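Reading the structure
Read off the chains here:
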Amino acid sequence: MRYRVPVLLHTPAYSQVALALSYLSPTLLAPGTLVRVPLGQRELMGVVWDTPPDPGDSRAASAAPLDPAKLRPIAAVLDGVPPLSANWRKLIDFAAAYYQRAAGEVALAALPPQLRDLSTVQLARRLKRAKTQVQATRNGQAERPQGLIQAAQPLPIFIATSPEQTSAIDQFHANSGPFLLFGATGSGKTEVYMRCTADLLATQGTAQALVMVPEINLTPQLEARFKARFGAQYGEDAVVSLHSGMTPAQRLKSWLAAHSGVARIVLGTRMSVFASMPQLQLIIVDEEHDPSYKSHEGARYSARDLAIYRGRLEGAKVMLGSATPSLESWYHSRPQSEGGRYQRLHMPSRIGGTATQAQDTAALISATLPQVRRVDMNHQPKGCVISPPLLDAIVQRVTRGEQSMVFLNRRGYAPVLSCGDCDWKSSCPHCSAYRVFHKIDRTLRCHHCGFTERVPRACPDCGNLDIAPLGRGTERLEELLAALLADSPRPDGRPVNIVRIDADTTRFKGALESQLAQVHAGEVDVLVGTQMIAKGHDFRRITLVAALNPDNALFSSDFRAPERLFGLLMQAAGRAGRDASQSGHSEMWLQTFHPTHPLFEALKHHDYPAFAESQLHERQQAGMPPFSFQALVRAEARTQEAAQAFLNLARQAAGTLAQAATMLEHITLYPAVPMGIQRVANIERSQMLIESASRLALQRFLSVWQALLHSHRSLPECRGLLRWAIDVDPLLI
Ligand code: ADP
Ligand code: ZN
Ligand code: ZN
């Protein structure tokens, strides 16, 4: 007896095949079983799926039912690895349908690449090793004297929780969620995550928790804290990481540990939302507002949104946490009586402030968070980069031995080089963008395609020797600060030490860590950098944070720009005065031409709720998310005409779709437009926005309209089209 088994595969040639392909097997295989199967000349990894085989399986031509004689047998069954769970398969099916991709692509991208390369025997051996290792660690830990383990911890294991933390934890236990932990920077959210995790592991013998962070490389602190807290009790292997920065071997090891249930806690970036965790009971999404949770290739999924879905699917509690939640999550956590679906847990006070006893929340916040000072640039010397009052404040810090952090969202020396005699500017020949001047190696570098050249000695167009940098990046800012602070010695008499942290200075492995170590050691007086420095790091001695040019985002065409700016500035403010003894005089400085802008008003009062309310009001008026749902189709082609023709023809043809007729009443399809930077590496890019007040209508429309997009590829008007992709719930418009 031979069984016909549906197998989910990913292969670009079959990317239109959304469903599984049929193979033969001598035994019945449970859905979720990992297999290897032949396809053409190749052998691919696949997963036995639940769905009936694809009726449109192109190999079957029109001969339905499929001729069993034409089916090929499964090449190998990875039976050493337990099958992937039904919930995992549902998660994949949901993500694929929602984000308009093939399930095979989503499933195979979620599995560690090394699974493909190892034999069944090798895999079984690794799985066994993972299991015995954890056994050994557990036994070993138990025999060690307790005192030694405690001494090795960087943090005391048992600290008393603050009243706000206690209340958040109690509410977490008493309700089913999902929860939005709205806690100021430094309010001790991580401690709440760890308590909730600890309580779960202690009460449920096999339960697993998934803790997601936006960028694991920026938060080794978190990993250290979780390992310190849980390693001793549950074994070092009970806490594993899962992110794309790991080697294939490490990733496989973590994945097997999670899949076999050996790992009780998985710390990971967005990809970890797909980790196979058969006993998953808790999902935490830290800094849930962070755009890194949205994937920008393959399936453009939001790991935060999938976490909510997965929690419901698995019956696991979900906690999102942020000091500046996404407006979507904020809106979902409005009172239940107004239709809110998430439960908001509020922790307004910083740990260590006089905070916890205070009655008046507003007074309390302003006492512990830095004071916000706006410098009206309309009244400062024309063209000045660092206004005199800000410079004065930085000098004061230096002479007192305190640290300042100055940020500017532009790396390099100057964003463009230009000739004073003719019109020449340092444009990139391959992109519709300027190349940035990097003084350190005297290059012009395109930040979009990477094209790099030495700076010309004279203007390439007219020979003028006097070509000059326009504008300013972090490299030039560092130079300027060094000059301005040259005569302001530190209390120990040594010259001021300025360090720059951005994508250029941290390109080499370990560079970021060593720079951060310098900051922590107090050797750095002024830290200059891009938004990279505003995120997450716990700098204790910083008492001044300055944003030099935050205005751009106020008038951006992207409706989410103010939300991102506010979040960034709140995060940056959160860097100042973390040390309670210094929080009294810590300040956040903003240089702006619009000092009375409501965004800065709200920031001054550290009032995220007020900011969120005004933004939500605007979005409601304008019918923007979260009051509507969006998708973008992006097309890339040799010419802008082809890219736009592809999108516009598909738009016009939407009306001819019989299934779409009633849906179209609820859908707006906007005409195709060139993307903000329309040409990158000689490829023209265009996009089309699709909007609907109904998520379901948008979903249904996209899934029928997709077929049309696939068929339009081959139209003569679209010659030169290279690729296209749908982005559901896009973050950047
Ligand atoms: P958040 O993640 O909300 O910014 P953290 O969890 O990093 O805040 O906490 C800020 C600091 O306060 C950390 O150094 C942490 O160890 C400390 N902390 C947290 N909770 C407590 C507590 N209950 N008692 C004392 N210190 C605490
Ligand atoms: Zn010139
Ligand atoms: Zn370029």
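Let us look at the structure shown here. The model shown is predicted, which means the values in this text are computed figures rather than measured ones. (Residues numbered from 1 in each chain as written. Chains lettered and ligands numbered in written order. Predicted model: local features only at pLDDT ≥ 70, side-chain atom pairs only at ≥ 80, totals over all residues. Heavy atoms only, no water.)

1. So, the site of ligand 1
- Lining the immediate environment of ligand 1, one finds 18 residues, of which Ala-160, Gln-165, Gly-186, Lys-189 and Thr-190 sit closest.
- The backbone of Thr-190 places a nitrogen or oxygen atom 3.1 Å from an oxygen atom of ligand 1.
- Bound to the protein, ligand 1 loses 79% of the 560 Å² it would expose on its own.
- Sorting elements by how many residues they give to the shell around ligand 1 places helix H6 (residues 189–203) first, with three residues.
- For the shell around ligand 1, the residue count by class is four nonpolar, eight polar and six charged. (Near = heavy atom within 4 Å. Polar contact = N/O pair within 3.5 Å; in protein donor to acceptor, adjacent residues only side chain to side chain. Areas by Shrake-Rupley, 256 points an atom, 1.4 Å probe, with all protein chains shown as cover. Helix = DSSP H or I, 4+ residues; strand = E, 2+ residues; numbered from the N terminus. Nonpolar A, V, L, I, M, F, W, Y, C, P; charged D, E, K, R; others polar.)

2. Structural notes on the packing of aromatic side chains
- This model, assessed by the stated rule, comprises 18 aromatic pairs.
- On the numbers, 5.7 Å between centres and 20 degrees between planes, the contact of Phe-94 with Tyr-98 is stacked. Of this pair, Phe-94 and Tyr-98 are both found in helix H1 (residues 86–98), four residues apart, which corresponds to roughly one turn of the helix.
- Sitting over the ring of Phe-172, Lys-317 keeps its end group 4.6 Å from the ring centre.
- Its end group placed over the ring of Trp-330, Arg-344 keeps NZ or CZ at 3.4 Å from the ring centre. (Phe/Tyr/Trp six-rings, centres within 6.5 Å; stacked < 30°, edge-to-face > 60°. Lys NZ or Arg CZ within 6 Å of the ring centre and 35° of its normal.)

3. A closer look at the coordination of the zinc ion (ligand 3)
- Every protein donor of the zinc ion (ligand 3) is listed here as Cys-428 (SG), Cys-431 (SG), Cys-446 (SG) and Cys-449 (SG), and their distances to the metal cover 2.3 Å.
- One way to put it: the four donor atoms around the zinc ion (ligand 3) meet at angles of 106 to 112 degrees, and that makes the site tetrahedral.
- Of note, the zinc ion (ligand 3) draws all its donor residues from one chain, in the sequence arrangement C-x2-C-x14-C-x2-C. Taken together, the residues span a long stretch of sequence, with Cys-431 in the loop between strand S15 (416–419) and strand S16 (436–438) and Cys-449 in the loop between strand S17 (443–445) and strand S18 (452–454) at a distance of 18 residues.
- Owing to a relative accessible area of 2%, Cys-431 belongs among the buried residues under this scheme.
- When its relative accessible area of 28% is taken as the criterion, Cys-449 is described as partly exposed. (Donors = N, O, S within 2.8 Å, 3.2 Å for Na, K, Ca; no water. Tetrahedral: all angles 85-135°; square planar, octahedral: opposite > 155°, others 65-115°. Buried < 20%, exposed > 50% of the residue type's maximum accessible area, 1.4 Å probe, protein only.)

4. Focus: the nonpolar core
- Counting 130 residues, the largest nonpolar core has Leu-111, Phe-274, Leu-569 and Trp-705 as its most contacted members.
- Residue contacts for Trp-705: discarding those within four places in its chain leaves Val-633, Ala-650, Arg-651, Ala-654, Leu-657, Leu-669, Met-688 and Ile-690.
- Ranked by size, the runner-up nonpolar core spans 29 residues in total, among them Met-194, Leu-222, Val-239 and Leu-345. (Core = buried A, V, L, I, M, F, W, Y, C linked by side-chain atoms within 4.5 Å. Contact = heavy atoms within 4.5 Å.)

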